Amino acid sequence: MKLNERAVVYIPDGAEEKKALSRTTHLAISAHQDDIEFMAYSPIAECFGKKDQWFCGVVTTDGAGSPRSGIYANFTDEDMKKIRITEQKKAAFVGEYSAQILLGYSSAEVKKKQNESVVSDYLSIFRAARPKYVYTHNLADKHDTHVATALKVIEALRLLEKDEKPEKVYGCEVWRDLDWVGDEEKVYLDCGAHPNLSRCLSSVFDSQITGGKRYDLAAEGRRLANATFSASHACDTYAGLNYAMDLTPLMADPSIDIGEYVAGFIQRFEKSVRETIQKFSGDR
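Worth saying up front: this structure is predicted, and the values here are computed from it rather than measured.

J.: Explain the environment of Thr210 residue by residue, including any values.
T.: Position of Thr210 among the secondary structure elements: in the loop between α9 (206-209) and α10 (215-229). On the accessibility criterion, Thr210 (31% relative accessible area) is partly exposed. Residues Thr210 and Ser69, 141 residues apart in the sequence, show an inter-C-alpha distance of 6.5 Å. Apart from residues no more than four positions distant in its own chain, Thr210 is found in contact with Ser69, Gly70, Ile71 and Tyr72.

J.: Describe unusual backbone geometry, listing the residues and the values that go with them.
T.: The residue Glu96 is not glycine, and still its phi comes out positive at about 55°. Within the secondary structure, Glu96 sits in the loop between α4 (77-94) and β4 (99-105). Although it is not a glycine, Arg130 adopts a positive phi angle of roughly 50°.

J.: Please give an account of the pairing of strand β3 (residues 55-61) that cites residues and values.
T.: Within β3, seven of the seven residues are buried, leaving the element largely enclosed by the surrounding structure. Inspection of the sheet shows strand β2 (residues 26-30) paired to β3 by five bridges, in the parallel sense. Bridging from a neighbouring strand, Ala28 pairs with Gly57 of β3. After leaving β3, the chain enters α4 and then returns to the sheet as β4, a path that is right-handed.

J.: How would you summarise the nonpolar core if you had to cite specific residues and measurements?
T.: Ranked by internal contacts, the top residues of the largest apolar core, which has 46 residues, are Leu27, Ile101, Leu103, Tyr122, Phe126, Leu139 and Leu247. Beyond its immediate stretch of four places on either side in the chain, Tyr122 contacts Ile29, Thr60, Leu103, Thr149, Lys152, Val153 and Ala156.

J.: I'd like a rundown of helix α6 (residues 116-129), residues and numbers included.
T.: Spanning 14 residues, α6 covers 20 Å between terminal C-alpha atoms, matching the ideal 20 Å at 1.5 Å per step. Those residues of α6 that are buried are in contact with α1 (17-22), β2, β3, β4, β5 (133-137) and α7 (144-159). The N-terminus of α6 is capped by Asn115, whose side-chain oxygen sits 3.1 Å from the backbone nitrogen of Ser117. Just beyond α6, the residue with positive phi is Arg130, at close to 50°.

J.: Account for the pattern of salt bridges, naming residues and giving values.
T.: In total, this model carries 16 salt bridges according to the counting rule given. Lys168 is the salt-bridge partner of Asp246, the closest N and O atoms lying 3.7 Å from each other. Of this pair, Asp246 sits in strand β8 (residues 241-246) while Lys168 sits in strand β6 (residues 168-172), placing them 78 residues apart in sequence. For Glu185, the salt bridge identified is with Arg268, shortest N-O distance 2.8 Å. Of this pair, Glu185 sits in the loop between β6 and β7 (187-190) while Arg268 is found in helix α12 (residues 258-280), placing the two residues 83 residues apart along the sequence. You can call Arg268 partly exposed: its relative accessible area is 41%. Connected through shared salt-bridge partners, Asp34, Arg84 and Glu87 make up one network.

J.: Describe the environment of Ser202, and please don't skip the residues or the numbers.
T.: Within the fold, Ser202 resides in helix α8 (residues 195-203). In the structure, Ser202 is positioned 16 residues away from Ala218 in sequence and 9.6 Å away in space, judged by C-alpha atoms. Ignoring anything within four residues of it in the chain, the contact list for Ser202 reads Phe38, Ile209, Asp216, Ala219 and Arg223.

J.: A description of the packing of α8 against α10 should follow, citing residues and the corresponding values.
T.: The packing of two helices is summarised by the inter-axis angle and the distance between the axes. In the contact formed by α8 and α10, the axes pass within 8 Å of each other and the chain directions differ by 145°. Between α8 and α10 lies a crossing of right-handed hand. For the pair formed by α8 and α10, the contact residues are Ser198, Arg199, Ser202 and Ser203 on the first element and Asp216, Ala219, Glu220 and Arg223 on the second. For the contact of α8 with α10, the residue count by class is one nonpolar, three polar and four charged.

J.: Explain the side chain of Gln208 residue by residue, including any values.
T.: By the secondary structure assignment, Gln208 is in helix α9. One polar contact links Gln208 to Ser207, side chain to side chain, over a distance of 3.2 Å. If near-sequence neighbours (up to four positions away) are discounted, Gln208 is found in contact with Asp34, Ser66, Pro67, Met80, Arg84, Lys213 and Tyr215.

J.: Kindly report on the sheet that holds β2, identifying the contributing residues and their values.
T.: Read across the open sheet, the eight strands follow the order β1-β4-β3-β2-β5-β6-β8-β7; overall the sheet is mixed. The open sheet is flanked by β1 (8-10) and β7, the only strands paired with a single partner. Going across the sheet, the axis of each strand differs from the next one's by a mean of 25°, ignoring polarity. Note: β6 against β8, three bridges, orientation antiparallel.

Thresholds applied
- Residues numbered from 1 in each chain as written.
- Predicted model: local features only at pLDDT ≥ 70, side-chain atom pairs only at ≥ 80, totals over all residues.
- Heavy atoms only, no water.
- Helix = DSSP H or I, 4+ residues; strand = E, 2+ residues; numbered from the N terminus.
- Buried < 20%, exposed > 50% of the residue type's maximum accessible area, 1.4 Å probe, protein only.
- Contact = heavy atoms within 4.5 Å.
- Pairing = 2+ DSSP bridges.
- Right-handed = clockwise from strand over helix to strand, strands pointing away.
- Core = buried A, V, L, I, M, F, W, Y, C linked by side-chain atoms within 4.5 Å.
- Expected span 1.5 Å × (residues − 1).
- Polar contact = N/O pair within 3.5 Å; in protein donor to acceptor, adjacent residues only side chain to side chain.
- Salt bridge = Lys/Arg side-chain N within 4 Å of Asp/Glu carboxyl O.
- Axes fitted to C-alpha atoms, helices over the stretch in contact; angles between N-to-C directions.
- Left-handed = near helix turned anticlockwise from the far one by under 90°.
- Nonpolar A, V, L, I, M, F, W, Y, C, P; charged D, E, K, R; others polar.

Written as structure tokens, this is what we have:
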């Protein structure tokens, strides 16, 4: 696996790199440290303690722009990069990931439209890991770096040969919920297993929580809310739930316009809202 010179590959159980990557079944690619633990807890939990399923995480940016306060208030960007790497390694160890890859790009580099280095790194990882399932950010996310990351993931997936492609690609919620997606189109990611592990993974990113963002509480709250509000006329069937958008068609058919594909979800949501209002209003 050939990656850019800033990349760090961490293997918690000390396995040889080729083995750690080749045993991967579930792979998540995020923009930032801690995004993985918030958006892809379901596959982390699914693989936890298993010998036939392994989770691999990929973080694209270096964490230099993180907010900071408290004990981190006077940390430089270089200091924060080191802290963020350490925190992500802690999460990988606690979650028993097969491997954790940190690519070390700046956010500006990821958001650059033509950055073949990022795409090349993703391509190298896909070919080394051959995952069955891929998780990344959804394309309706409100964070620019998240959307840019997802677009480059799709670009890399489209370059794979047919026999190299994963079975499924999911775009997960972080900086925007996906509860507005039609129920028949939502991908339901069960986050109810190992609640103690979920809390540990969310809490290990102390530099962010101390920095004034209670991501740990927010992530758990979203999962609980999704689980309860996912069905209005049935008892809860999930203890925790994340939603995702199915991005597999974008990988399978490069002729599909990405913007139009995402707009389709929005248009169908609008249509559903209008039809419900018309159904019960006097306006015809």
